[in-house]
Amino acid sequence: MTHTLPVGLTATAVVAASSANLGPGFDSLGLALDLYDEIVVETTESGLRVEVEGEGAGQVPLDGTHLVVRAVEKGLQATGYSAPGLIVRCRNDIPHSRGLGSSAAAVVGGLAAVNGLVIQVDSDPMDDTRLIQLAAEFEGHPDNAAAAVLGGAVVSWTDETPGNGGGPRYSAVSVRVHPDIRLFPAVPQQRSSTAETRVLLPEQVSHVDARFNLSRAALLVVALTERPDLLMAATQDVLHQPQRAAAMPASAEYLRILRRCGVAAVLSGAGPSVLGISAQVGLSTQALEFGTANGFTVSEMAVGAAVRWTSGVAARN
């Protein structure tokens, strides 16, 4: 039975950007970044109003097709509630269509905001396992979603055995990131999408390439947690980054330059952003100059935190 939420409830969720794959961990490894979107949801008497500030303002739909709204509706359905009307306010810092998990953040933020609503009527919130499952159902893979939910680094996996909902079951565990590791996201003006670049990938790969990536993905877990000195070897990939290079030549070249400068650089998700992962302080002059000359915004960033949700309007970090 579905219950109707009372009018006047407000909830806030703050959710991190994320980088998926991290080189060899295709659709499996993810890492949250210290860059956040904030979502505020309010129940009203009727209708729907969507407001967007920052990234995506003037570009994303302001109706029921908005991704945050769809996530809120799915979260309400999962918890057995409905709302007579909604106001959804999105304050976005995560760039869209750059490979930094903006879609996963929108979904996770919408779902988490539902937790802040239902707890006000003495209902149990969705736990992390449920949040990951519901969020990953939107994307078809759990790496970005799990990083947004859990924060830090994650290892995620998909079980094709149907769960209660009939589709695949998505799971993830947290991985403690070594305190010396620093992140250097480089975000270009160019946009891309996972759907556009995934078609560049072959349907089959050789045993040699599969073995190579398996070894590097396993090594990357060690490098992220205990041995940052192994990051260069651990972030090598042959399954997706070389295949996507032609579609984003500036990103591919920046990746090569960063690695020549001793920074373990990878495409962030499907690109076109590039993520440097290193225990060194700062980037070389050569790396910074190439980024500036080619339209990349380069920054140094900490590892992101788990999604946070509250009842009422919380102050933004």
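Below, the structure is looked at part by part. This structure is a prediction, so every number in the text was calculated from the model and none was measured. (Residues numbered from 1 in each chain as written. Predicted model: local features only at pLDDT ≥ 70, side-chain atom pairs only at ≥ 80, totals over all residues. Heavy atoms only, no water.)

1. Digging into the overall build of the protein
So the rule is basically this: By definition, any uninterrupted DSSP run of H or I lasting at least four residues is a helix, any uninterrupted run of E lasting at least two residues is a strand, and each is numbered from the N terminus. The quantity called the radius of gyration is restricted to C-alpha atoms. Its globule counterpart is 2.2 Å times the number of residues to the power 0.38. Exposure categories follow from relative accessible area, calculated using a 1.4 Å probe and restricted to protein chains: below 20% of the type maximum is buried, above 50% is exposed, and the middle band is partly exposed. Only heavy atoms enter the contact rule, under which two residues are in contact if any of them lie within 4.5 Å. Surface accessibility in these figures is a Shrake-Rupley result with a 1.4 Å probe; residues are shielded only by whichever protein chains are displayed. When charges are tallied, Lys and Arg are placed among the positive residues and Asp and Glu among the negative ones, while His and the ends of the chain are skipped. By convention, charge coordinates are those of NZ in Lys, CZ in Arg, CG in Asp, or CD in Glu.
If you tally the helices and strands in the protein, you get ten helices and 13 strands. For the protein, whose C-alpha radius of gyration is 20 Å, the value lies close to the compact-globule estimate of 20 Å for 317 residues. Reported as C-alpha extents along the three principal axes, the dimensions of the protein are approximately 60 × 45 × 35 Å. Buried positions account for 50% of the 317 residues belonging to the protein. In the protein, of all internal contacts separated by at least 6 residues, the share reaching a separation of at least 24 is 75%. When the accessible surface of the protein is split by element, carbon and sulfur atoms take 51% of a total near 13500 Å². For the protein, the distance from the average site of its 21 positive side-chain charges to the average site of its 31 negative ones is 5 Å.

2. A word on the environment of Arg 130
Mapping Arg 130 onto the fold places it in helix α3 (residues 128–139). When the C-alpha positions of Arg 130 and Ala 78 are compared, they lie 9.2 Å apart, and in sequence the two are 52 residues distant.

3. Looking at the pairing of strand β9 (residues 182–187)
Stated formally: Two strands make a pair as long as DSSP finds a minimum of two bridges between them.
For β9, the tally of buried residues reaches five of six residues, placing the bulk of the element in the interior. Relative to strand β12 (residues 297–298), β9 is paired through two bridges, and the arrangement is antiparallel. Bridge pairing in β12 places Val 187 opposite Thr 297.

4. Concerning the packing of helix α2 (residues 102–118) against α3
Convention followed: Here an axis means a line fitted to C-alpha atoms, over the contact stretch when the element is a helix, while the angle between two N-to-C directions is reported on a 0 to 180 degree scale. A clockwise turn of the near helix away from the far one marks a right-handed crossing, whereas an anticlockwise turn of less than a right angle marks a left-handed crossing. The residue classification treats Ala, Val, Leu, Ile, Met, Phe, Trp, Tyr, Cys and Pro as nonpolar and Asp, Glu, Lys and Arg as charged. All others, Gly included, are polar.
It is at 9 Å that the axes of α2 and α3 come closest, and there the two elements cross at 140 degrees. α3 is crossed by α2, and the crossing has right-handed handedness. Residues Ser 103, Ala 104, Val 107, Val 108, Leu 111, Ala 112 and Asn 115 of α2 form the contact with α3, whose participating residues are Leu 131, Leu 134, Ala 135, Phe 138 and Glu 139. Taken together, the residues of the contact of α2 with α3 sort by class into nine nonpolar, two polar and one charged.

5. Observations regarding the packing of aromatic side chains
The following threshold applies: A pair of aromatic rings is counted whenever rings of Phe, Tyr or Trp (Trp by its six-membered ring) have centres within 6.5 Å, and the orientation is called stacked for planes under 30 degrees apart, edge-to-face for over 60 and tilted otherwise. Criterion for a charge above a ring: Lys NZ or Arg CZ within 6 Å of the ring centre, and within 35 degrees of the ring normal.
Scanning the entire structure with this criterion turns up two aromatic pairs. Relative to Phe 296, the ring of Tyr 254 has its centre 4.9 Å away and its plane inclined at 50 degrees; by these criteria the two rings are tilted. With a gap of 42 residues between them, Tyr 254 in helix α9 (residues 249–260) and Phe 296 in the loop between α10 (285–293) and β12 connect regions that are remote in the sequence. Here Tyr 254 falls in the buried class, since its relative accessible area comes to 0%. Its relative accessible area of 7% is what places Phe 296 among the buried residues. Linked through ring pairs, Tyr 254, Phe 290 and Phe 296 together constitute an aromatic cluster. Above the face of the Phe 212 ring, Arg 216 is positioned so that its terminal group lies 4.0 Å from the ring centre.

6. Here we look at the pattern of salt bridges
This is how it is decided: What counts as a salt bridge is simple: a side-chain nitrogen of Lys or Arg found within 4 Å of a carboxyl oxygen of Asp or Glu.
Taken as a whole, this structure holds ten salt bridges when the rule is applied. The shortest N-O distance in the salt bridge between Arg 256 and Glu 253 comes to 2.9 Å. Taken together, the residues span about one helical turn, with Arg 256 and Glu 253 both in helix α9 at a distance of three residues. On the basis of relative accessible area, Glu 253 is assigned to the partly exposed category, the value being 25%.

7. Side note on the sheet that holds β9
Consider a sheet: its strands pair through backbone hydrogen bonds, and that pairing is either parallel or antiparallel. Taken together, the four strands give an open sheet; going across it, the order is β10-β11-β9-β12, and neighbouring strands pair in antiparallel fashion. This sheet does not close on itself; its edge strands, each paired only once, are β10 (264–267) and β12. α9 rests against β9, β10, β11 (274–278) and β12 of the sheet, and its axis sits at about 165 degrees to β10.

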